[in-house]
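Here are the chains, one letter per residue:
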Amino acid sequence: MHRLATSSCLCAVLATAAPARADDGDDPPATVGGETIVIEGQAPGEPDRDRDRALGDAPFVTVLHPDDHAATASVADAIGTAAGAHTRSLGGLGAFESVSVRGASPGHTAVLVDGVPLARIAAVTVDLGRFAMSSFGEVELYRGAVPIELGGAGVGGAVNLVTRLGRGAHGERIRASIGGGSFGARHARLAYGDDHGAVVSSTTIGYQGATGDYSYFTDNGTPLNPSDDTTLVRANNQFDQVDGASRVGTKSGSIVGGARLMWKRQGLAGSTAQPALDANMETYDLIADARGETTLGRVAGRQVGFALVEHQTLDDPMAELGLGTQHRAYLTLSGGASSTWTAELRRVRATAGLELRGDRFRDHDASGDRADLVGTRGNAAIAAAADIAITGAIVVTPAVRLDVVRTAPTPMTEGPDAFADLPTRWDTVPSPRITGRALVTDDLAIKSSAGWYVRLPTLLELFGDRGVILGAPDLLPERGPSVDLGAVWAPAAAIGPLDRVFVEAAAFATRARDTIALVSYAGFVARAENVGDTRTYGGELVASARLWRTLSLTASYLRLATEQRADDPSFDGKALPRTPGHLLHARLEAARRIARRDVSAWLDGAAQSTAYLDRANFQTIPGRVLAGAGARVELVDQLGITLSVDNLGDTRIVELPAERPTDPVTRTALSDLAGFPLPGRSFYLSLDWTH
């Protein structure tokens, strides 16, 4: 279902003073100052552990749990409710979804699965809409600084999707759910995890789908002529998706390995101005990794190996999406290994590591009209960090990562550099950073970080894709500094009738230099260019509490100010496209045990202010407020039924503000991006069972 009306707006740093459950077999991650050492596959499952991380980690990290979100929520849907994050969808219900963190472009947020960075050799960002939130144990959202073991990342931070290993958060071995709702939405999921002596394992398999045939408003391309406004039904918007994962490891976490498979087939409905009735895409993904840990005295080592395969086919037989008929197959292969060693030296914990990685991308034209386009990228990185305990309560972590990247050029047959003999491209990418945390009291921490981050151009930006995107082999990487400062207050004890109190406030600023953007070159053709610098600054506020152990309120707010610094006066000083200045998520929930059964009900809402589609700030995205509601009742022991209502007010039309009092109000469809409408009111009913 759509992200703004799912069953949760809970921010994952929601804290509680309850003790950890004795039957929880997972170990919390160890933290020393700014760096987080995650025992892969053994993620914390209890809210009090989120409190420990919020106070103990120097980076600002939000931990999202699947139980706090709708059964059909994607990872992007869940992240969209967190402080500092903004999700953009191309239509909802299985459509492509990207995430912007602290106003940075989606390419500046690295995405990892169990610590394995997903390939970005061809695409700037990863479609987080295809990852089901319920297939993971938790999702870590790092805002700003990130641990060096999660890579160079970008000014937007990193997202790490963590597979749970062993039993569930409440000791359950089996978790199952099934449901259906509006616009053909449906899902089924089964997960099993258990402890087998010294070995723990987990397996999950799930299905999601929808017909996506919701109605939407259209002005028929004439915004100033309301007489032809009408309502249409979204066509070719269906999708089916299957995912499965299996993971096994020792209970100590010294050896862990697993694999994740995903398949998705979806119709590509196109925009309202240019609908597509026959275009479709099919995607297969495989992610596999294995890791082992060894200890030699006071030195500990971790060795990791991983492999990724993604095969995607695009079929556009009627030439509805581009300049001609397309039947193309994209194949991305990635593999790598890393070795990290840590030594305890009195009040200093030193870490050093080496990582090697290779990526290969192939664009195959199944019609045989053009030769394959093949590109490769090799990466070697060294990293070092030192957790320095200034006092027992103050820890400072300076760190640096240096990546050396070799990109082999692909043949270019279009544009000003067509058929040029291009040299192999080398990029040296340093990512220095420093984090600090001062634990003022057991319940109050002050945290800060500063770093320098880089995003390399993709193959398509450098060398094009057969004419729709022209190559720009001389592109500079996007780069820039990021700083933040904030505090976390999470009292362990109740304050009168209030408990689970949590407050986090942070101010941040980033500056991206040599920003890469696709600029119209001639007609439908675009070319990537370094368009100048951008500045972003703002603040985040998260607050939550529970009253009388019954009524919980959570709210997260982002204030964002962005500015382009460009030579072109049409853009200089203007706000960045698709970055609202205000984002607010809130949730009110009441939960009680009635007649020996758990009962809960909630209201949630999301609001965002006006944003712009273009760099010149001419095309406006109106502000909006959306609300959702739901209730869950435990029918019998461990079996519950949930009804949720998305977009409670059935908002499908939003109004563009008039530039002058005499101008008419312009109506447009509810959307994240113009031409890709979002659904109106929808219902979803699901059953969940644990054992």
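Everything numeric here is computed off the predicted structure, so don't read it as measured data.

J.: What am I meant to see in the overall build of the protein chain here?
T.: Across its full length, the protein chain holds three helices and 40 strands. Residue burial in the protein chain is summarised as follows: out of 691 residues, 54% are buried. Of the roughly 27400 Å² of accessible surface on the protein chain, 61% is carried by carbon and sulfur atoms.

J.: Any chance you could explain the pattern of salt bridges here in plain terms?
T.: Any two side chains of opposite charge can pair, on the condition that their charged atoms come close. Using the criterion set out here, one finds 40 salt bridges in the structure. Salt-bridge contacts for aspartate 243 lead to arginine 189; the nearest nitrogen and oxygen are separated by 2.8 Å. Of this pair, aspartate 243 sits in strand E15 (residues 239-250) while arginine 189 sits in strand E11 (residues 186-196); the two residues are 54 residues apart in sequence, bridging distant segments of the chain. Judged by its relative accessible area of 4%, aspartate 243 is buried. The class for arginine 189 is buried, based on a relative accessible area of 8%. For aspartate 427, the salt bridge goes to arginine 425, with nearest N and O atoms at 2.8 Å. On the accessibility criterion, aspartate 427 (8% relative accessible area) is buried.

J.: Looking at this structure, how should I read the packing of aromatic side chains?
T.: Aromatic ring pairs are described here by two measures, namely the spacing of the ring centres and the angle between the planes. For the structure on display, the rule yields three aromatic pairs. Ring geometry for phenylalanine 131 against phenylalanine 136: centres 6.3 Å apart, planes inclined by 55°, an arrangement best described as tilted. One exposure class covers both phenylalanine 131 and phenylalanine 136, and it is buried. For the ring pair tyrosine 330 and phenylalanine 361, a centre distance of 6.2 Å and an interplane angle of 10° mean the geometry is stacked. Taken together, the positions of tyrosine 330 in strand E19 (residues 326-345) and phenylalanine 361 in strand E20 (residues 348-365) put the pair 31 residues apart, joining distant regions of the chain.

J.: Just checking my understanding: could you explain the sheet that holds strand E7 (residues 116-117) for this structure?
T.: Paired through backbone hydrogen bonds, the strands of a sheet run either parallel or antiparallel to each other. Pairing is mixed in the open sheet, where five strands are placed in the order E3-E8-E9-E6-E7. Where the open sheet ends on each side, the last strands, each with one partner, are strand E3 (60-64) and E7. Across five bridges, strand E8 (residues 138-143) lies against strand E9 (residues 157-162) in antiparallel orientation. From the neighbouring strand, tyrosine 142 faces E9, where its bridge partner is alanine 158.

J.: How should the nonpolar core be read in this particular structure?
T.: Looking at soluble globular proteins, one finds that nonpolar side chains tend to be buried together. Val75, Ile79, Leu118, Leu128, Phe131, Val139 and Leu161 are the most contacted members of the largest nonpolar core, which totals 28 residues. Elements supplying a minimum of two residues to this core: helix H2 (75-79), strand E5 (97-101), strand E6 (109-113), E8, E9 and strand E18 (299-316). The element contributing the most residues to this core is H2, with four residues. Not counting residues within four places of it along the chain, the set of residues in contact with valine 139 comprises Thr62, Val63, Leu64, Val75, Ile79, Met133, Val159, Asn160 and Leu161.

J.: I'm lost on the environment of glutamine 266 in this one. Help?
T.: Looking at the element boundaries, glutamine 266 is found in strand E16 (residues 255-267). It is 8.8 Å that separates the C-alpha atoms of glutamine 266 and threonine 283, two residues lying 17 residues apart in sequence. Setting aside its immediate chain neighbours within four residues, glutamine 266 contacts Gly94, Ala95, Gln238, Phe239, Asn280 and Met281. Among the polar contacts listed, one links the side chain of glutamine 266 to the backbone oxygen of glycine 94, at a separation of 3.5 Å.

J.: It is not clear to me how unusual backbone geometry should be interpreted in this structure. Could you clarify?
T.: Among all residues except glycine, the phi angle is most often negative; among peptide bonds, the trans geometry is most common. Of note in the backbone geometry, phenylalanine 183 takes a positive phi value of approximately 60° without being a glycine. Residue position: phenylalanine 183 is located in the loop between strand E10 (174-181) and E11. Phenylalanine 183 sits in the buried class, given a relative accessible area of 19%. A positive phi angle is found at arginine 346, which is not glycine, with a value near 55°. Topologically, arginine 346 is positioned in the loop between E19 and E20. Residue arginine 346 is classed as exposed on the basis of its relative accessible area of 81%.

J.: When you look at a nonpolar patch on the surface in this model, what are you seeing that I'm missing?
T.: Taken together, Leu354, Leu356, Ile382, Leu402, Val404 and Trp426 make up a surface patch of nonpolar side chains, about 560 Å² in accessible area. According to the relative accessible area criterion, leucine 354 is partly exposed, its value standing at 43%.

J.: Hey, could you run me through the side chain of threonine 87 in this one?
T.: Inspection of the secondary structure puts threonine 87 in strand E4 (residues 85-89). A residue is classified by how much of its surface remains accessible, and threonine 87, at 0% relative accessible area, is buried. A polar contact is formed between the side chain of threonine 87 and the backbone oxygen of alanine 76, at a distance of 2.9 Å. For threonine 87, the side chain forms a polar contact with the main-chain nitrogen of glycine 80, separated by 3.3 Å.

J.: Where do I start with the pairing of E3 in this structure?
T.: Two faces make up the sheet, and in a regular strand the side chains alternate between them. Here E3 lies mainly inside the structure; five of its five residues are buried. Along E3, one buried face is formed by Phe60, Thr62 and Leu64 and the opposite face, lined by Val61 and Val63, is buried too. With five bridges connecting them, E3 and E8 associate as antiparallel partners. From the neighbouring strand, valine 63 faces E8, where its bridge partner is glutamate 140.

Cut-off values and rules
- Along each chain, the written sequence defines residue order, and numbers are assigned to residues from 1.
- The model is predicted, so local features are restricted to residues of pLDDT at least 70 and side-chain atom pairs to those at 80 or more, both for listing and for counting; the totals for chains, interfaces and linings are taken over all residues.
- Values shown for side chains rest on all heavy atoms present in the structure; no hydrogens or waters enter the calculation.
- Numbering of helices and strands runs from the N terminus, with a helix taken as a DSSP run of H or I at least four residues long and a strand as a DSSP run of E at least two residues long.
- Only protein chains enter the accessibility calculation, which uses a 1.4 Å probe. A residue is then buried if its area is under 20% of the maximum for its type, exposed if over 50%, and partly exposed in between.
- Working definition of accessibility: Shrake-Rupley area with a 1.4 Å probe, residue cover restricted to the visible protein chains.
- The working definition used for a salt bridge is a side-chain nitrogen of Lys or Arg within 4 Å of a carboxyl oxygen of Asp or Glu.
- Only the six-membered ring of Trp is used, alongside the rings of Phe and Tyr, when aromatic pairs are assigned; centres must lie within 6.5 Å, and planes under 30 degrees apart are stacked while those over 60 apart are edge-to-face, with the rest tilted.
- DSSP-based pairing: two strands are paired if at least 2 bridges between them are found.
- For the purposes of this section, nonpolar cores are sets of buried Ala, Val, Leu, Ile, Met, Phe, Trp, Tyr and Cys residues that join through side-chain atoms within 4.5 Å.
- Note on definitions: a residue-residue contact is assigned when non-hydrogen atoms from the two residues lie within 4.5 Å.
- Here a polar contact means two N or O atoms within 3.5 Å. Within protein one must be a hydrogen donor candidate and the other an acceptor candidate, and residues neighboring in sequence count only if both atoms are side-chain atoms.
- Surface patches are drawn from residues lacking salt bridges whose relative accessible area is over 30%; two like charges belong together within 9 Å, two nonpolar side chains (Val, Leu, Ile, Met, Phe, Trp, Tyr) within 5 Å.

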